[in-house]
Amino acid sequence: MSEHLTHARGHDKIVLSGLEFFGYHGVYEEEGRLGARFVVDVELTLALTAADSIKETVDYGKVYRLVESAVTGQRYRLIEALASRIVELVLAEEDRVDAVRVRVHKPHAPLPGVFRDVYVEVTRERGAPHRPSGQPV
């Protein structure tokens, strides 16, 4: 996640990388029944200050819990919809965040070959128009 989100008011970043959860997402019925490991990266763009108070930044624990609830709380057929939902939750709950970039990795996607990773990346800025995410299954 090396590219900067340059259109947001703040250009500072907080990154939660490699959050791992077990979920039941995928288009195949077996994925919904057996589940798999999903890895999530969240990049928050905001204006950070020199102050040393949680009130002037983002509570990492709260963001972690938002991601966890999205991944483990309901099923999505597409990781695209899951990533969009995580972005929506973070923007709704964290007023200081100007933009969010989320990657949802599906390292055990049912593909007919050798691969290292499959992921979807969704980026949204506060106030920018976007389509609503898909609905959970």
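Heads up: the structure comes first, above all this text.
A brief look at the structure comes next. The shown structure was predicted, so the numbers you read here are calculated from the model rather than taken from an experiment.

For an α-helix, 3.6 residues make a turn, and residues three or four places apart therefore share a direction. The end-to-end C-alpha distance of helix H3 (residues 79-93) is 21 Å, a good match for the 21 Å that 15 residues give at a rise of 1.5 Å each. In this structure, the buried side of H3 is in contact with strand S2 (36-46), helix H2 (60-73), strand S3 (99-105) and strand S4 (119-125).

Moving on: the packing of aromatic side chains. What describes a pair of aromatic rings is the distance from one ring centre to the other and the angle between the planes of the rings. For the structure on display, the rule yields two aromatic pairs. Summarising the aromatic geometry, the rings of Phe 21 and Tyr 64 are spaced 5.3 Å apart at their centres and angled 50 degrees between planes, so their arrangement reads as tilted. One end of the pair, Phe 21, is in strand S1 (residues 12-23); the other, Tyr 64, is in helix H2, with 43 residues separating them in the sequence. Phe 21 gets classed as buried once you look at its relative accessible area, which sits at 6%. With 5.5 Å between their ring centres and 80 degrees between their planes, Phe 22 and Tyr 24 make a pair best called edge-to-face.

Another point: the pattern of salt bridges. The final tally for this structure, using the stated rule, is 10 salt bridges. For the salt bridge of Arg 101 with Glu 43, the shortest nitrogen-to-oxygen distance reads 3.7 Å. Taken together, the residues span a long stretch of sequence, with Arg 101 in strand S3 and Glu 43 in strand S2 at a distance of 58 residues. Each member of the pair, Arg 101 as well as Glu 43, is classed as buried. In this structure, the salt-bridge partner of Glu 94 is Lys 62, at a minimum N-O distance of 4.0 Å. Residue Glu 94 is located in the loop between H3 and S3, and its partner Lys 62 is located in helix H2; the two are separated by 32 residues in the primary sequence. You can call Glu 94 buried: its relative accessible area is 8%. The class of Lys 62 is partly exposed, set by a relative accessible area of 28%. Shared partners join several salt bridges into a network, and the residues in it are Lys 13, Glu 43, Arg 101, Arg 103 and Glu 121.

Of note, Leu 16 is situated in strand S1. Residue classification places Leu 16 among the buried positions, given a relative accessible area of 10%. Each C-alpha atom, one on Leu 16 and one on Asp 41, is 5.7 Å from the other, the two residues being 25 residues apart in sequence. The contacts of Leu 16, once residues within four sequence positions are left out, are Val 40, Asp 41, Val 42, Leu 44, Tyr 60, Val 63 and Tyr 64.

Reading guide: rules and limits
- Residues numbered from 1 in each chain as written.
- Predicted model: local features only at pLDDT ≥ 70, side-chain atom pairs only at ≥ 80, totals over all residues.
- Heavy atoms only, no water.
- Helix = DSSP H or I, 4+ residues; strand = E, 2+ residues; numbered from the N terminus.
- Expected span 1.5 Å × (residues − 1).
- Contact = heavy atoms within 4.5 Å.
- Phe/Tyr/Trp six-rings, centres within 6.5 Å; stacked < 30°, edge-to-face > 60°.
- Buried < 20%, exposed > 50% of the residue type's maximum accessible area, 1.4 Å probe, protein only.
- Salt bridge = Lys/Arg side-chain N within 4 Å of Asp/Glu carboxyl O.

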